[in-house]
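# Tertiary structure, described
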Amino acid sequence: MLKRRLIPKLLLRRSQIGSKNRMVLVTTVRFTERIEVGSPISQAKIYQAQVADELIFLDIDRTMRIDRAIISGIIRGIAEEIFMPFTVGGGVSNVEEFRFLLSNGADKVAINTVAIENPDLIEEAANAYGSQCVVLSIDCRRTESGYYKVWKDCGSVETNLEAAEWAILGEKKGAGEILLTSIDRDGTGEGLDLDLIRSVTKA
């Protein structure tokens, strides 16, 4: 029987206190209305106590491009406190940054915008670190005609890609997992978009 896994997704962003920056946990609604809700490490420990199978951390500020020390600090802090696999994503742009995140304690790396702009990076990363380390993150909105279009840059830019077709290509390129998100449902409490999930899993 296929094992169902519970994998919470936690969103991170930079927050400045005095002269220091730190990473905080936030919630969003349809990728907007960002609200700070606490410490990502504390929340990770709570999920571990509740026997979650894995965790996903997405840095929506893409801090990797600005300050690697903040990112490495939070990843190491998480790795020291929990014992489950976890994925990190946000602002990854090349294979070297896969190495950076994995060497600091992440088990997998999620990519989104960079994969759309350079699909060959999926294959390059899979060849270097194995498909099990490559998570293709796909953010979608449903059009009036019922198609699911893929958006990039934290849901701010529409692409010409259709969700199921992009998932097929991502799998062929070597992605080991897909993180599928409905922007329309994000943070609304309306539940998952089952039509979106079915369209991708059937493909």
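Here, every reference points to the structure presented above.
My aim in this report is to walk through the structure given alongside it, one point at a time.

About the cut-offs
Residues numbered from 1 in each chain as written. Predicted model: local features only at pLDDT ≥ 70, side-chain atom pairs only at ≥ 80, totals over all residues. Heavy atoms only, no water. Helix = DSSP H or I, 4+ residues; strand = E, 2+ residues; numbered from the N terminus. Rg over C-alpha atoms; globule rule 2.2 N^0.38 Å. Buried < 20%, exposed > 50% of the residue type's maximum accessible area, 1.4 Å probe, protein only. Contact = heavy atoms within 4.5 Å. Areas by Shrake-Rupley, 256 points an atom, 1.4 Å probe, with all protein chains shown as cover. Lys, Arg positive; Asp, Glu negative; His and termini not counted. Charge placed at Lys NZ, Arg CZ, Asp CG, Glu CD. Salt bridge = Lys/Arg side-chain N within 4 Å of Asp/Glu carboxyl O. Patch = residues over 30% accessible without salt bridge, like charges linked within 9 Å, V, L, I, M, F, W, Y side chains within 5 Å. Phe/Tyr/Trp six-rings, centres within 6.5 Å; stacked < 30°, edge-to-face > 60°. Lys NZ or Arg CZ within 6 Å of the ring centre and 35° of its normal. Pairing = 2+ DSSP bridges. Right-handed = clockwise from strand over helix to strand, strands pointing away. Axes fitted to C-alpha atoms, helices over the stretch in contact; angles between N-to-C directions. Parallel < 35°, antiparallel > 145°, perpendicular 65-115°, else oblique. Nonpolar A, V, L, I, M, F, W, Y, C, P; charged D, E, K, R; others polar.

Attention now moves to the overall build of the protein chain. From N to C terminus, the protein chain includes 7 helices and 10 strands. Computed over C-alpha atoms, the radius of gyration of the protein chain comes to 16 Å, within 12% of the 17 Å expected from 2.2 N^0.38 for 203 residues, which places it in the range of a compact globule. For the protein chain, the C-alpha atoms occupy an extent of roughly 50 × 40 × 40 Å along the three principal directions. Taking all 203 residues of the protein chain together, 45% fall into the buried category. Taking all contacts inside the protein chain whose residues are at least 6 apart in sequence as the whole, residues at least 24 apart take part in 64%. Just so you have it, the protein chain exposes about 10600 Å², and 49% of that area is on carbon and sulfur atoms. Separation between the mean location of the 26 positive side-chain charges and that of the 29 negative ones in the protein chain comes to 2 Å.

Turning our eyes to something else, we now look at the pattern of salt bridges. Pairing between side chains of opposite charge can happen when the charged atoms of each approach one another. Considering all chains together, one arrives at 19 salt bridges under this definition. Here Glu190 ties to Arg30 by a salt bridge, and the two come within 4.0 Å at their closest N and O atoms. Here Arg30 lies in the loop between strand S2 (20-29) and strand S3 (32-38) and Glu190 lies in the loop between strand S10 (177-182) and helix H7 (194-202), a separation of 160 residues in the sequence. A relative accessible area of 38% places Arg30 in the partly exposed class. Here Lys45 ties to Glu81 by a salt bridge, and the two come within 3.7 Å at their closest N and O atoms. On the criterion of sequence distance, the pair formed by Lys45 in helix H1 (residues 40-49) and Glu81 in helix H2 (residues 68-81) is long-range, its members being 36 residues apart. One network of salt bridges, in which partners are shared, links Arg5, Glu54, Lys108 and Glu177.

A cluster of nonpolar side chains, namely Leu192, Leu194 and Ile197, defines an oily patch on the protein surface of about 280 Å² accessible area. If you trace the backbone, Leu192 turns up in the loop between S10 and H7. Residue Leu192 is classed as exposed on the basis of its relative accessible area of 64%.

If you walk through the whole model with that rule in mind, you get 2 aromatic pairs. Sitting over the face of the ring of Phe100, Arg68 holds its NZ or CZ atom 4.7 Å from the ring centroid. Over the ring of Trp151 we find Arg141, and its NZ or CZ is 4.7 Å from the ring centre.

Once that is clear, we can look at the pairing of strand S5 (residues 86-89). Along S5, one buried face is formed by Phe86 and Val88 and the opposite face, lined by Thr87 and Gly89, is buried too. The pairing of strand S4 (residues 55-59) with S5 spans 4 bridges and is classified as parallel. From the neighbouring strand, Ile56 faces S5, where its bridge partner is Thr87. Read from S4 through H2 to S5, the crossover connection turns out right-handed. Alignment of S5 against strand S6 (residues 108-111), held across 3 bridges, turns out to be parallel. Looking at the pairing, Gly89 lines up with Ala110 of S6. A crossover links S5 with its parallel partner S6, the connecting element being helix H3 (residues 95-103), and its sense is right-handed.

Inspection of the secondary structure puts Ile41 in helix H1. The spatial distance from the C-alpha of Ile41 to the C-alpha of Val24 is 9.1 Å, given a sequence separation of 17 residues. Apart from residues no more than four positions distant in its own chain, Ile41 is found in contact with Ile74, Gly77, Ile78 and Glu81.

We now examine the packing of H2 against H3. H3 packs onto H2 with a crossing angle of 40 degrees between their chain directions and a minimal axis gap of 10 Å. The angle between the axes of H2 and H3 places the two elements in the oblique class. Along its contact with H2, which presents Arg68, Ile71, Ser72 and Ile75, the element H3 presents Glu96, Glu97, Phe100 and Leu101. Among the residues making up the contact of H2 with H3, the classes are represented as 4 nonpolar, 1 polar and 3 charged.

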